Amino acid sequence: MRRLFIFYSLLFLGMGCFGQSNAALVSPSSNLPVSQKVTKDSLKTKAGPAKRMHKKIIMSLDTLTLSDYTLSIERVNDNLNSIGDSAKLGYDVKNINHRIDAMTKEVKQIRLSMKGRQTGIHLKNLYLYQSFTSKLDDETDLIQAQLNHIYHRVYHAKQHLKKVLSDSVFRKLYADKELRTTFDDKLIRLEWKWNRTDSVTKANVDTLNAMKVRLSDNGLDLANMLSMMDKRLDRTVPKLFGPEVNCLWEPERKDTIPQKTDRKTISIISAEQKAISFYIDQTWGERGIVFVLAIVLFLWLFLKRKLLKTLRVQKDSYDYLHLQYLNAHPLSSLIVLLLCLMPFFDAYAPTSYISIEYILLLLASTLIFFKTCHRTFLFNWVALVILFVADIVAHFLIDPTFIERLLLLAIQAGIIFFSVRLYRRLTKETPFYGLLKPAFLIGILSASLGIIYNLFGRFSLSGMLGIAAIFAVTQALVLTIFIQVIIEIILIQLQSSRTKKGVTKPFDTMVVIGKIKMPLLIIAVIVWCTMFTSNLNVYHYISNVIVNALTCTRTIGSISFQLTSVILFFVIIWFAHILQRLLSFLFGETGSEAEDLTMESKGQHSRLMILRLLVLIGGYLLAIAASGLPIDKLTFLLGALGVGIGMGLQNIVNNFVSGIILIFDGSLQIGDEIEVSGQAGKVKELGLRASTLSTPDGAEVIIPNGNILSQNIVNWTFSNDEKRVILTFSLSGKELDANVMNEVINDTIKNIPNVISRKKPVILYTKVTPESCTITVRFWSTISHFDLVKSEAMQQLSAAFQAKKIGFE
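Quick summary incoming for the structure in this document. Quantities reported herein were computed from a predicted structural model and do not represent experimental measurements.

## Examining the overall build of the protein
Helix and strand counts for the protein come out as 29 helices and 11 strands. Expressed as a percentage of the 809 residues in the protein, the buried residues total 43%. At a minimum sequence separation of 6, the contacts of the protein that also span at least 24 residues come to 77%. On the protein, roughly 43800 Å² of surface is accessible, and the fraction owed to carbon and sulfur atoms is 62%.

Here's what the structure looks like:
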């Protein structure tokens, strides 16, 4: 039936056209084959009279051949293929469909999880659900845009399918019975493809419409849920600061005290379980990052187990590392490190989930403090841990009755008492004093405010401040372990690399700590502030304000930028400077100038200088690329800089280029003894602008690189570290024997330390009399011990000649 419908439709559409163009075919000879008809028409045209020539020419222009019909079939087939490809739904639609199903389940889960008691205790959970609902709403808009694009493509293919058979040649072919018989096989396949494409296209349009309806339902639910959450927050925040119950000294009012039942307790626990379950389901990506980080850390610990054992056994030999935690409690230290990083991933986590994580953190920290800290500190710490557990339980389960409010007062008073005891033990010499002091003061202030609000009936707000206070104090102490563990990891890694390279000398760990301590402190402060604001339920507002301020596009003239780009630029440069300094210890430097600047290591120092320069250049290039600075819009500034270089910055550029030449040329290396510009000393540093000489007098002379490169340089250690020592002295006596004097000189000089024995001393007699002579002795020593060798030689020669009863002057 479908085939007959297509046939009659095409016949109806092509009747007007076939009336004229097929006049030559509808004739007495129409029973002939198609090829004979075409031949006969052409013969008639040739045999006709001249007066019909013009008409015949026009008719011949409308004559079609078999190849024309074949091409029309191919055109229709290509169009059907193109329509089929456009109407096809790929894996992206399947993924979108699965995601819509998952979003529907998540929306239902959020709606179920939000049911229950609506008090200030669940304010943080409400922020959690609002955060994920907002993300789902944004994702819904994104999927909606993708579905609209796919739907327009498929619907356009469906509309094009109706016009695919409008080809005039194909309609002529389909209207002629004999022509259809000739191309019957191709037309049958073509009809089957058209039917299949039509059914697939309609089915895909229906599928997309169904997906759009489901997605629209999800969007409507999400919008309603966000509106409901906003209303709850609008009601909860004023309620939180308003009087929930009567003041503590006033009689209790039964209408303000909820009835406590087992069912209510179970409901609270169930709500928290739902919140934790939902949070874990939604943050598998973050859990994966933490899991990978844990694998890396514990794999590193496994690989360094032998070195850690050596550090424990030979504790005195490696005392310069100042290890406190990793050598004694490696597993607990890494657990503390991982759990301290969790606030970066769990800022919106439910309070119960954070509390469970934090209890594990406190237990791991207690194991570390148990053997490393004084008993007084340990007692105060254990008391705070117990108060933390009690405060968490009270925060979730107790109701604002008189007895339970007194219990909460006692807990918060205990927090203040033990925090003050720990605060009094702080001194300026205490490690991380700058972090601990403000954290303790803020914790004590929060607990004090919690007591005050409890007295005046703000029970939920009081509990929130108590939680924030205990977190503030204990986390500040735990973060000191966090910082120290990271420092110890870096020190142990440096020691491991130095050991593999055969470097046994100790290095100055204070230089390393000084470089990495500040960024670690900044990270610790960010972690502490994140947890404190999260416990006060203001992280959502503060983070939004900070993010908006950092990501807001600012414009200066024609240049647009964001503060995040500027901060990222300087942070990458800062870390590049830290890394290039740590590389020196990785390659064997000790941090001591006297030990580092030796002849054996000066080549290594020069190669290290090149590597550090490459790290800095790479850091600056990475900073520019990562920050997204509009270099194309800084052409005017670069042009002005070029003019400045041509006019007033020639010396600076000259020194910079000269510094690069000196670094890569190799004619001057760190540790060389040189004389330049009337100054003599040892090369301490090769910088990009200037180089530093350390003179024997202890002065440090800074010489611009351009001056060094443009003058003659005397390099005493260019090829070796040997320097000739010249001694001139006079001998007197009654009988001076040259052989005896030569023997004394050779034997004495040969036994002097740091004298190069492979080069024999040269003895010259410059003045000879019967009872005296003047002698000049020339021998070689290392340049670093030149003055000591000369002094030692004079002393030993004087003693040796006096033993022979020969005067020495």
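## Here we look at the packing of aromatic side chains
The final tally for this structure, using the stated rule, is 15 aromatic pairs. Look at Phe379 and Phe418: their rings are 6.1 Å apart centre to centre, the planes differ by 65 degrees, and that puts the pair in the edge-to-face class. Of the two residues, Phe379 is situated in helix H16 (residues 375-397) and Phe418 in helix H17 (residues 402-424); the sequence distance between them amounts to 39 residues. Exposure remark for Phe418: the relative accessible area of 15% places this residue in the buried category.

## Quick look at the side chain of Thr197
Mapped onto the fold, Thr197 is located in helix H10 (residues 184-241). What makes Thr197 buried here is its relative accessible area of 8%. At a separation of 2.8 Å, a polar atom in the side chain of Thr197 contacts the main-chain carbonyl oxygen of Lys193. The contact partners of Thr197, leaving out residues within four places of it in the chain, are Leu80, Ile83, Gly84 and Leu161.

## Some points on the environment of Ser462
Of note, Ser462 is situated in helix H19 (residues 459-500). We classify Ser462 as buried; its relative accessible area is 0%. Between the C-alpha atom of Ser462 and that of Leu449, which follows or precedes it by 13 residues, the distance is 7.3 Å. Among residues more than four places away in sequence, those in contact with Ser462 are Leu408, Gln412, Gly450, Ile451, Tyr453 and Asn454. A polar contact of 2.5 Å, which involves the side chain of Ser462, links it to the backbone oxygen of Gly450.

## Observations regarding the sheet that holds strand S7 (residues 714-715)
The antiparallel open sheet is built from five strands, whose spatial order is S6-S5-S4-S3-S7. Across the chains shown, the open sheet's two edge strands, defined by having one partner strand only, are strand S6 (700-704) and S7. Where strand S3 (residues 673-676) meets strand S4 (residues 679-686), four bridges bridge the pair, whose relative direction is antiparallel. Counterpart to Glu675 in the pairing with S4 is Ala680.

## A word on helix H26 (residues 650-665)
Between its terminal C-alpha atoms H26 stretches 22 Å, which fits the 22 Å expected from 16 residues at 1.5 Å a residue. Of all the residues in H26, the buried ones are Asn655, Ser658, Gly659, Leu662 and Ile663. Around the axis of H26, the buried residues are gathered within 135 degrees of arc, so they sit on the same side.

## Some details on the pattern of salt bridges
For the structure on display, the rule yields six salt bridges. The salt bridge partner of Arg99 is Glu106, with a shortest N-O separation of 3.2 Å. For Glu106, a relative accessible area of 12% puts it in the buried group. Here Arg99 falls in the partly exposed class, since its relative accessible area comes to 24%. Taken together, the shared-partner salt bridges connect Arg99, Glu106 and Glu139 into one network.

## Observations concerning the pairing of S6
Only one face of S6 is covered, namely the one carrying Val701 and Ile703; the face carrying Glu700, Ile702 and Pro704 has none of its residues buried. Where strand S5 (residues 690-694) and S6 come together, five bridges link them in antiparallel fashion. By the bridge assignment for S6, Leu693 is matched with Val701. Linking S5 to S6, which pair antiparallel, is a turn of five residues; within it Gly698 sits at a positive phi near 95 degrees.

## Brief notes about the pairing of S4
Between S3 and S4, which pair antiparallel one after the other, the connecting turn spans two residues, and Ser677 there sits at a positive phi close to 55 degrees. In this sheet, S5 lies alongside S4 in antiparallel orientation, the contact comprising four bridges. Among the inter-strand pairings, Leu686 is bridged to a residue of S5, identified as Ser691. Where S4 folds back on S5, the antiparallel hairpin that results is connected by three residues.

## Here we look at the sheet that holds strand S11 (residues 807-808)
Taken together, four strands build an open sheet; the order of strands is S9-S10-S8-S11 and the sheet is antiparallel. Each edge of the open sheet carries a strand with a single partner, namely strand S9 (762-769) and S11. Of the strand pairs in this sheet, strand S8 (residues 722-732) and S11 are connected by two bridges, and their pairing is antiparallel. Within the sheet, the bridge partner assigned to Leu731 lies in S11 and is Phe808. Seen against the sheet, helix H29 (residues 786-803) touches S8, strand S10 (772-782) and S11 and runs at an angle of roughly 25 degrees to S8.

## Overview of unusual backbone geometry
Its identity is not glycine, yet His322 carries a phi of approximately 55 degrees, on the positive side. Tracing the backbone through its elements, the reader meets His322 in the loop between helix H13 (305-313) and helix H14 (330-340). You can call His322 partly exposed: its relative accessible area is 44%. Non-glycine residue Asn537 carries a positive phi angle of around 60 degrees. Within the secondary structure, Asn537 sits in the loop between helix H20 (509-535) and helix H21 (539-551).

Scoring rules and cut-offs
- Residues numbered from 1 in each chain as written.
- Predicted model: local features only at pLDDT ≥ 70, side-chain atom pairs only at ≥ 80, totals over all residues.
- Heavy atoms only, no water.
- Helix = DSSP H or I, 4+ residues; strand = E, 2+ residues; numbered from the N terminus.
- Buried < 20%, exposed > 50% of the residue type's maximum accessible area, 1.4 Å probe, protein only.
- Contact = heavy atoms within 4.5 Å.
- Areas by Shrake-Rupley, 256 points an atom, 1.4 Å probe, with all protein chains shown as cover.
- Phe/Tyr/Trp six-rings, centres within 6.5 Å; stacked < 30°, edge-to-face > 60°.
- Polar contact = N/O pair within 3.5 Å; in protein donor to acceptor, adjacent residues only side chain to side chain.
- Pairing = 2+ DSSP bridges.
- Expected span 1.5 Å × (residues − 1).
- Arc of directions from axis to C-beta.
- Salt bridge = Lys/Arg side-chain N within 4 Å of Asp/Glu carboxyl O.
- Axes fitted to C-alpha atoms, helices over the stretch in contact; angles between N-to-C directions.

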